[in-house]
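Observations on chain architecture
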Amino acid sequence: GHYSVALGELQGILRKLPSAPIKVAIAHCLIKMHRGDLAEACLERLLQVNAQDVDALVALGVLLLNRAAIHQDPESMAKGMQILKRAYDLDKTNP
């Protein structure tokens, strides 16, 4: 896809409207661009600002579970599961 174009567009929106709820979408673009390191940093920063951001928690949890599956990393698996449980505890209706 055109994730680099989408990322540029989202960053432009964010510069004009800093409170726009698109930061998780930026992380998704980074993941699709194989920049999981930057996506993880972005999501962790979001959670520093709002530890109850369910969308950021889910995105980070899935990112860590995918990393665990690819690299056979039990630490990422445990952390990802813990984060997803936290997201579920905050919003049991979130798919």
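The structure contained in this document is the topic of the report that follows. Quick caveat, the model's predicted, so the values are computed rather than measured.

1. What to know about the nonpolar core
- Membership of the largest hydrophobic core comes to 23 residues, with the highest contact counts inside it found for V24, L43, A56 and L60.
- Within the residue set of this core, elements represented by two or more residues are α1 (3–16), α2 (23–32), α3 (36–49), α4 (54–71) and α5 (74–90).
- No other element matches the seven residues that α4 contributes to this core.
- Not counting residues up to four positions away in its chain, the partners in contact with A56 are V24, L43, L46 and L47.

2. Observations concerning the side chain of D53
- Relative to the elements of secondary structure, D53 occurs in the loop between α3 and α4.
- Summary of buried charges: D53 has no salt-bridge partner, and the nearest side chain of opposite charge, K23, is 8.2 Å away.
- Within the local environment of D53, its side chain forms a polar contact with the backbone nitrogen of D55, the two atoms lying 3.2 Å apart.

3. What to know about the side chain of E40
- Take E40: it is sitting in helix α3.
- Polar contacts involving the side chain of E40 include one to the side chain of R67, which spans 2.6 Å.
- With near-sequence residues (within four places) excluded, E40 lies in contact with L60, L63, L64, R67 and K79.

4. A look at the state of the cysteines
- Enumeration over the complete set of coordinates arrives at zero disulfides.
- C29 carries a free sulfur, and the closest cysteine sulfur to it, the one in C42, is 10 Å from it.

5. Brief notes about unusual backbone geometry
- Despite not being glycine, H34 shows a phi value in the positive range, around 60°.
- Within the secondary structure layout, H34 lies in the loop between α2 and α3.
- A positive phi angle, close to 50°, is found at Q72, a residue other than glycine.
- Examined against the element boundaries, Q72 turns out to sit in the loop between α4 and α5.

6. As for the pattern of salt bridges
- Using the criterion set out here, one finds four salt bridges in the structure.
- The shortest N-O distance in the salt bridge between R67 and E40 comes to 2.6 Å. Here R67, found in helix α4, pairs with E40, found in helix α3; they are 27 residues apart in sequence, far enough to count as distant.
- Classification of R67 as partly exposed rests on a relative accessible area of 23%.
- Residue classification places E40 among the buried positions, given a relative accessible area of 14%.

7. Things to note about the packing of α2 against α4
- At a minimum axis distance of 10 Å, the contact between α2 and α4 shows a crossing angle of 15°. Considering the angle they form, α2 stands roughly parallel to α4. For the pair α2 and α4, the sense of crossing is left-handed. On the side of α2, the interface is formed by V24, H28 and I31, while α4 contributes D55, A56, A59 and L63.
- Residue composition of the contact of α2 with α4, grouped by class: five nonpolar, one polar and one charged.

Definitions and cut-offs
- Residues numbered from 1 in each chain as written.
- Predicted model: local features only at pLDDT ≥ 70, side-chain atom pairs only at ≥ 80, totals over all residues.
- Heavy atoms only, no water.
- Core = buried A, V, L, I, M, F, W, Y, C linked by side-chain atoms within 4.5 Å.
- Buried < 20%, exposed > 50% of the residue type's maximum accessible area, 1.4 Å probe, protein only.
- Helix = DSSP H or I, 4+ residues; strand = E, 2+ residues; numbered from the N terminus.
- Contact = heavy atoms within 4.5 Å.
- Lys, Arg positive; Asp, Glu negative; His and termini not counted.
- Salt bridge = Lys/Arg side-chain N within 4 Å of Asp/Glu carboxyl O.
- Polar contact = N/O pair within 3.5 Å; in protein donor to acceptor, adjacent residues only side chain to side chain.
- Disulfide = S-S within 2.5 Å.
- Axes fitted to C-alpha atoms, helices over the stretch in contact; angles between N-to-C directions.
- Parallel < 35°, antiparallel > 145°, perpendicular 65-115°, else oblique.
- Left-handed = near helix turned anticlockwise from the far one by under 90°.
- Nonpolar A, V, L, I, M, F, W, Y, C, P; charged D, E, K, R; others polar.

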